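Single-letter residue listing:
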Amino acid sequence: MGTASSLVSPGGEVIEDGYGGDGGEACEIPVEVKPKARLLRSSFRRGPRVIGASFKSTGSVDLEYAAEYERLRKEYEIFRVSKNNEVASMQRKEAKLDEENKRLRAELQALQKTYQKILREKEAALEAKYQAMERAVTVEHDRDKVKRQFKIFRETKEKEIQDLLRAKRDLEAKLQQLQSQGIYVYSPNGSDSDDNQTTVTAGGTQCEYWTGGVLGSEPSMGSMMQLQQTFRGPEFAHSLIDVEGPFANVSRDDWDAAVASLLQVSPHVPQALWSNTVRCYLISTQDTKAELDIFIKKHSSELRQMCECLGHFYLNVYFPEETAASYITERKQEIEKSSVCVLLLKSTVTSSVIEDCEEAFVRNLDGHSLVLYLRTEGDGGLTEPIRQLLEKVNTADKAAKVKVVDHSGLAEDGANLIYTQLKKVIKQELLGFEGADADSKDAVVDEGHEEDSGDVLWDLHDEQEQIESYQQACNSTASQLGFQKYIDRLNDMIAAPPPTPPLLVSGGPGSGKSLLLSKWVELQQKQSPNSLFLYHFVGRPLSTSSEPVLIIKRLTVKLLQHFWSLSGLTMDPSKTLEEFPRWLERLSARHQGNIIIIIDSIDQIHQAERHMKWLIDPLPVNVRVVVSVNVETCPQAWRLWPTLHLDPLSPREVKSVVTAECQSMGLKLTKDQEKKLERHCRSASTCNASYVTLLARMIASDRCDLSLEKSLEQCLLCQDSMSLYRLALNMTLRSLSTDTERRVMKEMLCLVFASHNGVSESEILDFFPELELPVLSFLLHRLNRLCITTLRCGLVTFQHLQACEAVRLEFLSGGSSSASYREKLIHYFSQQLSQDRVTWRVADELPWLLQQQEEQTKLQLCLLNLFVSQNLYKRGHFSELLAYWQHVGKDKSSMATEYFDSLKNYEKSCESEEDMTKLANLYETLGRFLKDLGLPSQAVAPLHRSLEIRETALDPDHPSVARSLHQLAGVYVKWKKYGNAEQLYKQALEISENAFGAEHPSVARELESLAVLYQKQNKYEQAEKLKKRSVKIRQKTARQKGHMYGFTLLRRRALQLEELTLGKDSADSAKTLNELGVLYYLQNNLDAAKVFLTRSLEMRQRVFGPDHPDCAQSLNNLAALHTERREYETAEDMYERALEIRKKALSPDHPSLAYTLKHLAMLYKRRGKLEKAVPLYELSLEIREKSFGPKHPSVATALVNLAVIYCQLVRHLIMD
């Protein structure tokens, strides 16, 4: 073996390469060497070498080695050269590959640059594509919107044209008929074209061609400029042009318009009139303590149950004689808030009883219902103190309003008499029902609600809550807050030309946004009576008032009050949100004024941006939307809208608020204290409205506990509203006398925080039996004074979100312990839960509390209590009920199965007729619920079962059977089985006519449903006939019942307007009296109208003086009423007095002067005093020409009247 670069000698030395590789290192290359045979033989020769061998043999071996070496060296040289050539070749290839690699790298970099460029171009193209698609969708949406608006506009105008053509043909036919009979329409005996009683002659006989009212019938300038309008809307006495009351241009046939006008009247109604609590104030002496104790223990629970069944709370208010002197302020406030006062007398009286009696029965006689229980002895004699007190009551009770219960028997019998009288007063006077027993009346309420409003289900408690929120904001003092500049800017923004996006009112928490909006709405309703205002005040998050579907549904229902039919409103939550813009468009096309929608604290709504998408769409021309938000929580997409930001109060405004509050409590700040206050209130957090208001009330309220200086120092340590609220809570705790009262206050506020919508006073007393009502009254008054809590819809709730947050931080350890209070509420309402009767409070609170506690099993059991679900559904809380089932994890089909199985189990326990009636109602409710869910196939079975039960248990012709038929027909309409639906509707119509008569609201509902069905079948002529008949029934029913479209809210509003006018004399009260007089005139109740118009005149004379123009308005309306009763002498005297006042107070060419001139001239003409009538007609014509121009329609009317009076005068002279 060997190498190519070296050889190994036999001695072991390495032979270096003499031809080397430039002196490089030796490289061992193995080479196989084959020895010769001879050498091998000598090598393997056995035996030792013989010494002295020959030299020849040794040299030959060396020569052989040298030859072998030379040969190997040559081979190596050849091998080396070939390898060097290979290496050179490989190097050349490597260089070539390096060049190729560089070229490829350059090409790759170029390709990468080209790819990036193409990728950017692709992304830009995709972005442009998406933008184009969005623009296309927007254009498509706008095009559809314009199409819908144009369709509505076209249909409206076509309908108007058809109506005008139809009216023209009718008039032409009547004219031809009259002319063929020889009747002269423009007879000198009576032809005033704008007179309210035009007479025509036929063969010398007078006949009435048309009769109507003269009250407020003079068209205004606005209505004359828009002759196509049939109803201009309410106008009030302060209008510059002459209108007589809010119902100008409304005849008695347009009762729906008159009712709509009444709904626009928003006076300052005291909170007690809208409270959902029947408060019974009891005044008793020691002599009648036995009757009082028996009444409270035995009968209070019965009255409470009756009121709760009718949707109200009941509360006994009693201050014991021994502690009454400590609660003077609270007693007065409770008397003012009370619904009914009961005075129990026998022989002795105390000072506190005399004070309460004078406050309730003498000074505030008309503020509430009154019951006097008098227990006489056997001889019937009265003591002198009792006699004097009764004389005071009799002197004040001129209208005999006090109900007297005279009793001389046992105390228990006396308590029974008090209970009977109170029950009658509550049901008839307070709640407006006529029945005798609560259960039957409960059923009447249920049926009446469905009967009047059709398939529309909504909650009057929600409406009450909103009205109370609005009234409380209006009643708060805002004159010192400097809101006038914001009100002016709001007016300018609303008056901007359309289209206008929503207006954003922004500000920090407690900056006064709600107060500003309520004050602005109040002023706008007076200044723009033609405008329709829809407002909603959002309360705490997660409360009912912040539920988006309920908000939109409530606004939709308020819109639908201006339509005859209410059956088109869907119950599906998603469709409710989708259909609101369409209803808004339809009404805006029909409404003659503006529609203004105000939503306060809209950012408190869950996912407001998603649920209020309609705000982004273009609004109709006469629709304005105003929303208020906090600056921090305003959605980004809304920040581009026109914004009105509320700035912090100025130092002058801060001083004004604090000074006014201190003066109301009899306090006055020193100059040093005012300077401290001014230095403190300079930051944004200490200058907002809520902070300053709370600061002022705390300074004024704590004067008894601490010195004013110390109280001010403590308040000035608080740098924001939250810390100030926490200080107010601690101050209230210190003001309480015992540890029990402090504990009760803490737990009460924690219960309010943990509840869904609040806690009622009666529920608080149930939670804390050791708490006495005088202490609760004191506590609630103080918390209300410090802007912490308030009573709304009968529930104690927080006035402001910051007060709620302060309670959470101060008493609930940041909210960590709220779950324990929810458990207390769950236990309380679970105890109230029964299988046969569920109050609205249980249905509102218990499912929500279980949902918050994540107790899904209990929540499902609660929902399967059929009366809970029925209560929620019938009050319109459809979306809330559906959300509970979704939280449980049930879909629609499984939910329907659960309900049906639960009903089957409940049916097994039903035996009596009453139970079967309730069962039928439950089946009907389930069927309606499933139909609204979009499951008509599953809704048929429960509706059929309801029909079977009612036909079997009641009678086939019972009105409830008609209700079942009506609901079944609705399912068939959804299936488009119009023939089956028509048959069922006709059966329901026949049953309703037989049961109630041909002019009942139930008949109107069936007629409307049939009309809609015929419209779907293109049977327009039949549908039109039924629609007209339904409208006539609705109008007549509204006139008789005094409510609009069956909504009981209006009846209560009219009663509250009457109650409002019983207070102190004021311009607003006089105006409300005048409006009520016009309202009763439209109802043909002339006696009631005379009472209110006379009271309005007397009050205006006391407030303004006898020569004020408002007195002329009342005189004019009274004169019109006397003319209606044909008392012409009295009417003439009042017209002349009204004319004299207006001549002195108004300019010579004022339109109101022409109005009075015309009516006085008409009266002169009727009485045959033509010489007096002519100059008045001439002067009226002259004024109209100056006011409206010579070509105005009213001028033409005046010319016709003048021509007629000239003809009458000429005939009179010829006859003489």
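These numbers come from a predicted model, not from an experiment.

1. Focus on the overall build of the protein chain
- Along the protein chain, the regular secondary structure elements total 46 helices and 17 strands.
- When burial is assessed residue by residue, the protein chain has 51% of its 1216 residues classed as buried.
- In the protein chain, the proportion of contacts linking residues at least 24 apart, taken out of those at least 6 apart, comes to 73%.
- Element-wise, carbon and sulfur atoms account for 53% of the exposed surface of the protein chain, whose accessible area totals about 57900 Å².

2. Regarding the environment of S351
- Relative to the assigned elements, S351 resides in helix α8 (residues 351–363).
- A C-alpha to C-alpha distance of 9.0 Å links S351 and A325, two positions 26 residues apart in sequence.

3. Things to note about the packing of aromatic side chains
- A full pass over the atoms with the stated rule returns 20 aromatic pairs.
- Look at W885 and Y899: their rings are 5.3 Å apart centre to centre, the planes differ by 70°, and that puts the pair in the edge-to-face class. Taken together, the positions of W885 in helix α31 (residues 878–888) and Y899 in helix α32 (residues 892–908) put the pair 14 residues apart, joining distant regions of the chain.
- Relative accessible area serves as the criterion here: at 3%, Y899 is assigned to the buried category.

4. Comments concerning the pattern of salt bridges
- Tallied over the full model, the rule gives 48 salt bridges.
- The partner of R71 in a salt bridge is E68, and the shortest N-O contact between them spans 2.3 Å. Highlighted residues: R71 and E68, both in helix α2 (residues 55–180), separated by 3 residues, approximately one helical turn.
- Between E100 and R103 there is a salt bridge, with its nearest N and O atoms 2.0 Å apart.

5. Quick notes on the sheet that holds strand β6 (residues 313–318)
- The parallel open sheet is built from 5 strands, whose spatial order is β6-β5-β7-β8-β9. In this open sheet, the two edge strands, each paired with only one partner strand, are β6 and β9 (403–407). On average, each strand axis in the sheet is tilted by 15° relative to the strand beside it, whichever way the strands run.
- In this sheet, strand β8 (residues 369–375) lies alongside strand β7 (residues 340–345) in parallel orientation, the contact comprising 6 bridges. Considered in β8, the bridge of L343 is made with L372.
- Packing of helix α7 (residues 328–337) onto the sheet brings it into contact with β5 (277–284) and β6, and relative to β5 it is tilted by some 130°.

6. Topic: the pairing of β7
- With 6 of 6 residues buried, β7 lies mostly within the body of the structure.
- Alternating positions in β7 separate into two faces, V340, V342 and L344 on one and C341, L343 and L345 on the other, with burial throughout.
- Where β5 and β7 come together, 5 bridges link them in parallel fashion. Residue pairing across strands places I283 opposite L343, the latter belonging to β7.

7. Comments concerning helix α42 (residues 1109–1124)
- With 16 residues, α42 extends 23 Å from end C-alpha to end C-alpha; this agrees with the ideal 22 Å at 1.5 Å per step.
- Of all 16 residues that make up α42, 14 are buried, and the element is covered over most of its length.
- Looking one or two residues past α42, R1126 carries a phi angle of roughly 60°, positive in sign.

8. As for the packing of helix α28 (residues 840–852) against helix α30 (residues 866–874)
- Direction vectors running N to C along α28 and α30 enclose 100°, while the axes themselves pass 9 Å from each other. Taken together, the axes of α28 and α30 lie roughly perpendicular to each other. Here W840, A843, D844 and P847 of α28 come into contact with α30, specifically with V868, N871 and L872.

9. Details of the nonpolar core
- The biggest cluster of nonpolar side chains holds 159 residues, and the ones touching the most others in it are F361 and Y899.
- Setting aside its immediate chain neighbours within four residues, Y899 contacts L863, L864, L866, S869, L881, W885, L926 and F929.
- Listed in part, the 46 residues of the second largest apolar core include A1088, A1089, A1161 and M1162.

10. Structural notes on the packing of helix α15 (residues 548–560) against helix α16 (residues 573–590)
- Relative orientation of the contacting elements α15 and α16 amounts to 30°, with a least axis distance of 9 Å. Of the possible angle classes, the one that applies to α15 and α16 is roughly parallel. When you trace α15 past α16, the crossing you get is left-handed. Judged by residue contacts, P548, V549, I552, K553, L555, T556, L559 and L560 of α15 engage P573, T576, L577, F580, W583, L584 and L587 from α16.

11. So, α15
- With 13 residues, α15 should cover 18 Å at 1.5 Å per step; its first-to-last C-alpha distance of 18 Å lies within 8% of that length.
- For α15, the buried fraction is high: 13 of the 13 residues fall into the buried class.

12. Digging into a nonpolar patch on the surface
- Nonpolar side chains collect at one region of the surface, where L126, Y130 and M133 lie side by side and expose about 280 Å² of accessible area between them.
- You can see Y130 is positioned in helix α2.

13. Let's talk about the pairing of strand β11 (residues 532–537)
- Burial analysis of β11 places 6 of its 6 residues in the buried class, which makes it a mostly covered element.
- Pairing of β11 with strand β12 (residues 595–600), which is carried by 6 bridges, proceeds in the parallel orientation. Bridge pairing links L532 to I595 in β12.

14. Digging into unusual backbone geometry
- In this model, E854 sits at a positive phi of 60°, which is unusual for a non-glycine residue.
- Positive phi values are uncommon outside glycine, yet R1126 reaches one of about 60°.
- Tracing the backbone shows R1126 in the loop between α42 and α43 (1128–1145).

15. Looking at the sheet that holds strand β15 (residues 759–760)
- Overall, antiparallel pairing links the 3 strands, which are arranged β15-β17-β16 in an open sheet. Here the strands that pair on one side only, and so sit at the sheet edges, are β15 and β16 (789–792).
- By the bridge criterion, 4 bridges tie β16 to strand β17 (residues 795–798) in an arrangement that is antiparallel. Bridge assignment links T790 to a residue of β17, and that residue is T797.
- In the packing of helix α23 (residues 739–754) onto the sheet, contacts are made with β15, β16 and β17, and the angle to β17 comes to roughly 85°.

16. A look at the confidence of the model for the protein chain
- Of the residues in the protein chain, 79% reach a pLDDT of 70 or more, and the chain-wide mean stands at 77.
- Segment residues 183–274 is flagged for pLDDT under 50; beyond a separation of four residues in sequence, or across chains, it makes 248 contacts in the model.
- Long-range and interchain partners of residues 435–454, a stretch whose pLDDT sits below 50, account for 47 contacts in this model, where long-range means more than four residues apart.

17. Section: a positive patch on the surface
- Together, K668, K671, K675, R679 and R682 make up a positively charged patch on the protein surface.
- Looking at where R682 falls in the secondary structure, it is placed in the loop between α19 (671–680) and α20 (689–701).

Parameters at a glance
Residues numbered from 1 in each chain as written. Predicted model: local features only at pLDDT ≥ 70, side-chain atom pairs only at ≥ 80, totals over all residues. Heavy atoms only, no water. Helix = DSSP H or I, 4+ residues; strand = E, 2+ residues; numbered from the N terminus. Buried < 20%, exposed > 50% of the residue type's maximum accessible area, 1.4 Å probe, protein only. Contact = heavy atoms within 4.5 Å. Areas by Shrake-Rupley, 256 points an atom, 1.4 Å probe, with all protein chains shown as cover. Phe/Tyr/Trp six-rings, centres within 6.5 Å; stacked < 30°, edge-to-face > 60°. Salt bridge = Lys/Arg side-chain N within 4 Å of Asp/Glu carboxyl O. Pairing = 2+ DSSP bridges. Axes fitted to C-alpha atoms, helices over the stretch in contact; angles between N-to-C directions. Expected span 1.5 Å × (residues − 1). Parallel < 35°, antiparallel > 145°, perpendicular 65-115°, else oblique. Core = buried A, V, L, I, M, F, W, Y, C linked by side-chain atoms within 4.5 Å. Left-handed = near helix turned anticlockwise from the far one by under 90°. Patch = residues over 30% accessible without salt bridge, like charges linked within 9 Å, V, L, I, M, F, W, Y side chains within 5 Å. pLDDT = per-residue confidence, 0-100. Lys, Arg positive; Asp, Glu negative; His and termini not counted. Charge placed at Lys NZ, Arg CZ, Asp CG, Glu CD.

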